[in-house]
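# Tertiary structure, described
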Amino acid sequence: MKRDQWLAFFDAQPGAVQNYLLGQDATDREVQAQTSLAYDNDAWDRVMDVVWELIFLKTSRGEFINRIRSLAGDRKPEIVEKTVLQWVVLPLADLVIWDVEARLMELGVPQSEIQSAPRVSLRPVSYGAAARRIAALAKISLLDEGITARLREILISYIKGVRDAGQVEALIQRPQAEGGLGFAKPQAEEYVRQMQDFLVTTQVMSETDYAEWFQNEQNEAEQEQAQIASTAAKTGDRATEGLIEGQKARTVDPVLDATIDETIKNINLSKPLPEHLQTRLRNLISSRLRDVRNREQVLAVLQREEKVGGMGFEPAEAERIETVIDAVYKDKRTAIEDEAKQKIILVQEEQKKRMEERRQRESQEHAEWYRQKVLSTKGDEALRQIIAEGGRKAPMPAGAPRPTVDGISGPTMLMDLASELKQMDIEAYRRLSRDPKQAEQRVIEKLETLKRESFDRWTEGVEAWRSSALQKQYLKLITESFASGKPVSELIEEKRKTDPSLPTAEELASIIELNGKIQF
């Protein structure tokens, strides 16, 4: 990607993305990936071109995989793809139109490594995902799904104002026998600190609302990708010009932008800065005005060397500039915060509008289906009379042909599926298939059936699975493995000598893999 084109896309990104790309962490992770794969600079530039097109031009998953593999050379393609996704793309995964985390799990990256990676939060997250991500940021391992569910409940109580930060900290330190989580004090303090920081920058919503939001986002991304494809025949600048302008339109904040301009004018530098430092200074001011950085952090960046993401000012000049920034912050912070709140309100209103439109559309589709598949098939006024009378039985007209059920599909018994998952034990799991991998796949198929009905049904199925006897047995074995210090495979081999009903190592591996695929 040409430098001017890259800079144009960069300028159109939200401040959080710009701050990350200019920071040392992004550089370090890219160096780590290049070093791990042992690419020379020319080869690595070709890889990064694919990455920038994925992030800025919304490349599809299939196209990204094919292009990365074409650059693998004598390296194993899956290793190249995994390394690039994990070290370079994952922090910016919110800019990708497909699920980067799911692909990384397919490539064998443990979920704990995925969750512990730094992330630029641009999208909303569900309550459950937020609880897990905060725990990862606090470097707390969540092996027990019960603890994860409890953390989710506590997070919701904090967001809704039922508990304050002090009460959350006290509760998660309380012993589990008394309704707490049994965290050590340093863990509890770090969790609360990360929770507060996370909620400042990220919108958190219910799983149902998130599913609705995500579907809308996917639809918009697909439309944007179609627009990119339709302009592919044009020249590079003309093909991307409209896309860049569209991105700018979605990320503009008039009050914030005007305040940044005012701050730079008040700073009144003695000589103009190079273009990349101008952008870096604007991003730094933006991060302070949005309360992403405090005074000390701003001062540190102003004095830090340019080559490590700083501005390179002398201490006295850095102090002067920070004083100007802080004065504007105190004067304009309320207006900027109000603008940010208003944007959130507009997004929420738009989401509610789309949800209502979707409900109405689904209701109309269901009514039309019922009319075509049931009433027209029955061809019987008696049925209409039963429906009109609220289900009271009406006599069949004399001589009327008995209604048939040809072409009528009864509703899928989704509650039965959830109940089946809830009652799953090792014997039921084995009845699904003698091959643990096939049994795992059949559980996933049951969950997919629920998902086709609604996201709520799917979450109901996941919760049913998590409360099953098989899942409890699995968690008990994992806990014993940690407590004894023995590998879980060795522990199972010992226990199965006296209790053959326990899962085999292969069955346990399939359950672990299954749990990794159904996180939400």
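For clarity, every value in this text was computed on a predicted model and none was experimentally measured. (Residues numbered from 1 in each chain as written. Predicted model: local features only at pLDDT ≥ 70, side-chain atom pairs only at ≥ 80, totals over all residues. Heavy atoms only, no water.)

### A closer look at the overall build of the protein
Here is the rule: Counting from the N terminus, the helices are DSSP H or I runs at least four residues long and the strands are E runs at least two residues long. We call two residues contacting when some pair of their heavy atoms lies within 4.5 Å. Surface accessibility follows the Shrake-Rupley procedure with a 1.4 Å probe radius. Residue values consider only the protein chains on display as shielding.
Of regular secondary structure, the protein possesses 26 helices and two strands. Counting contacts in the protein only where the partners sit at least 6 residues apart, residues at least 24 apart contribute 65% of the total. Working note: accessible area of the protein is about 28,500 Å², and carbon and sulfur atoms make up 50% of it.

### Re the packing of aromatic side chains
Here the distance between the centres and the angle between the planes together describe a pair of aromatic rings. To keep things clear, this is the line we draw: Any two of the Phe, Tyr and Trp rings considered here, Trp counted by its six-membered ring, make a pair once their centres fall within 6.5 Å; the pair's planes then place it as stacked at under 30 degrees, edge-to-face at over 60, or tilted in between. Exposed residues in this analysis have more than 50% of their type's maximum accessible area, buried residues have under 20%, and partly exposed residues fall in between, with area computed by a 1.4 Å probe over protein chains only. Definition used: whenever NZ (Lys) or CZ (Arg) falls within 6 Å of the ring centre and also within 35 degrees of the ring normal, the charge is taken to sit over that ring.
This structure, assessed with the given rule, holds four aromatic pairs. Between the aromatic rings of Trp 52 and Phe 56, the centroid separation amounts to 5.7 Å while the plane-to-plane angle is 10°, which identifies the pairing as stacked. Of this pair, Trp 52 and Phe 56 are both found in helix 4 (residues 41–56), four residues apart, which corresponds to roughly one turn of the helix. An identical accessibility class is assigned to Trp 52 and Phe 56; each is buried. The ring of Tyr 329 has Arg 288 sitting right over it, with the charged end atom 3.8 Å from the ring centre.

### Digging into the confidence of the model for the protein
Going by this rule: Think of pLDDT as the predictor's per-residue confidence, scored from 0 to 100.
Residues with a pLDDT of 70 or more make up 75% of the protein, whose mean pLDDT is 77. Mean pLDDT per element in the protein: helix 19 (residues 381–388) is the minimum at 44, and helix 6 (residues 77–89) is the maximum at 93. Considering only residues more than four positions removed or in separate chains, one finds that residues 232–239, a stretch of pLDDT under 50, has three contacts. Across residues 400–415, confidence stays below pLDDT 50; counting only partners more than four residues off in sequence or on other chains, it has 21 contacts.

### Quick notes on the nonpolar core
Note the cut-off: Buried Ala, Val, Leu, Ile, Met, Phe, Trp, Tyr and Cys residues that are joined via side-chain atoms within 4.5 Å together make up what is termed a nonpolar core.
Among the nonpolar cores identified, the biggest contains 46 residues, and Trp 44, Phe 64, Val 84 and Val 100 are the most heavily contacted of them. Residue contributions to this core peak at ten residues, all from helix 4. The residues contacting Trp 44, other than those within four sequence positions of it, are Glu 30, Ala 33, Gln 34, Leu 37, Tyr 39, Val 84 and Val 88. The next biggest cluster of nonpolar side chains, apart from the first, holds 27 residues, and it includes Ala 428, Tyr 429, Trp 458 and Ile 492.

### Considering the side chain of Asn 283
What counts here: Here a polar contact is recorded for every N or O atom pair within 3.5 Å, except that within protein the pair must consist of a potential hydrogen donor and a potential acceptor, and residues adjacent in sequence are included only if both atoms are side-chain atoms.
Assignment of secondary structure puts Asn 283 in helix 16 (residues 275–289). At 3.4 Å, the side chain of Asn 283 forms a polar contact with the side chain of Gln 18. If sequence neighbours within four positions are ignored, Asn 283 has contacts with Phe 10, Gln 18, Asn 19 and Leu 22.

### Brief notes about the pattern of salt bridges
Quick reminder of the rule: A pair is scored as a salt bridge if a Lys or Arg side-chain nitrogen falls within 4 Å of a carboxyl oxygen belonging to Asp or Glu.
This model, assessed by the stated rule, comprises 25 salt bridges. Of the charged contacts in the structure, one is a salt bridge between Glu 153 and Arg 150, with a shortest N-O distance of 3.2 Å. Placement of both Glu 153 and Arg 150 in helix 10 (residues 145–159) is noted, with a separation of three residues, approximately one turn of the helix. Across the pair Glu 507 and Arg 430 runs a salt bridge, and its minimum N-O distance is 2.8 Å. With a gap of 77 residues between them, Glu 507 in helix 26 (residues 505–517) and Arg 430 in helix 21 (residues 426–432) connect regions that are remote in the sequence. Accessibility expressed as a relative area gives 23% for Arg 430, which makes it partly exposed. The network of salt bridges with shared partners includes Arg 61, Arg 69, Glu 78, Glu 81, Arg 103 and Glu 106.

### A word on the packing of helix 10 against helix 11 (residues 165–173)
To keep things clear, this is the line we draw: Here, axes are lines fitted to C-alpha atoms. For helices the fit covers the stretch in contact, and angles between N-to-C directions go from 0 to 180 degrees. Orientation categories follow fixed angle ranges, with anything under 35 degrees roughly parallel, anything over 145 roughly antiparallel, 65 to 115 roughly perpendicular, and all other angles oblique. Rotating anticlockwise by less than a right angle from the far helix to the near helix defines a left-handed crossing, while the corresponding clockwise rotation defines a right-handed one.
In the contact formed by helix 10 and helix 11, the axes pass within 10 Å of each other and the chain directions differ by 165°. Viewed along their axes, helix 10 and helix 11 adopt a mutual orientation that is roughly antiparallel. Seen from above, helix 10 lies across helix 11 with right-handed handedness. Contact with helix 10, carried on its side by Arg 150, Leu 151, Ile 154 and Tyr 158, involves Ala 165, Val 168, Leu 171 and Ile 172 of helix 11 and no other residues of that element.

### Thoughts on helix 3 (residues 24–37)
What counts here: Take the number of residues in a helix, subtract one, and multiply by 1.5 Å to get its expected span. What the arc covers is the set of directions going from the helix axis to the C-beta atoms.
In this model helix 3 runs 20 Å from its N-terminal to its C-terminal C-alpha over 14 residues, within 8% of the 20 Å that 1.5 Å per residue would give. Along helix 3, the residues classified as buried are Ala 26, Arg 29, Ala 33, Gln 34 and Leu 37. Seen along its axis, helix 3 keeps its buried residues to an arc of 135°; they face one direction. Where helix 3 is buried, its residues contact helix 2 (15–22), helix 4 and helix 6. Phi for Ala 38, located one or two positions after helix 3, is positive at around 55°.

### Side note on the environment of Pro 175
Here Pro 175 is to be found in the loop between helix 11 and helix 12 (185–201). A residue is classified by how much of its surface remains accessible, and Pro 175, at 40% relative accessible area, is partly exposed. Those residues in contact with Pro 175, other than ones at most four positions away along the chain, are Gly 180 and Gly 182.

### Looking at unusual backbone geometry
The backbone of Lys 58 sits at a positive phi, close to 60°, despite the residue not being glycine. Turning to its location among the elements, Lys 58 is positioned in the loop between helix 4 and helix 5 (61–70). Owing to a relative accessible area of 10%, Lys 58 belongs among the buried residues under this scheme. At Asn 268, a residue that is not glycine, the phi angle is positive and equals roughly 55°. One can find Asn 268 in the loop between helix 15 (254–267) and helix 16.

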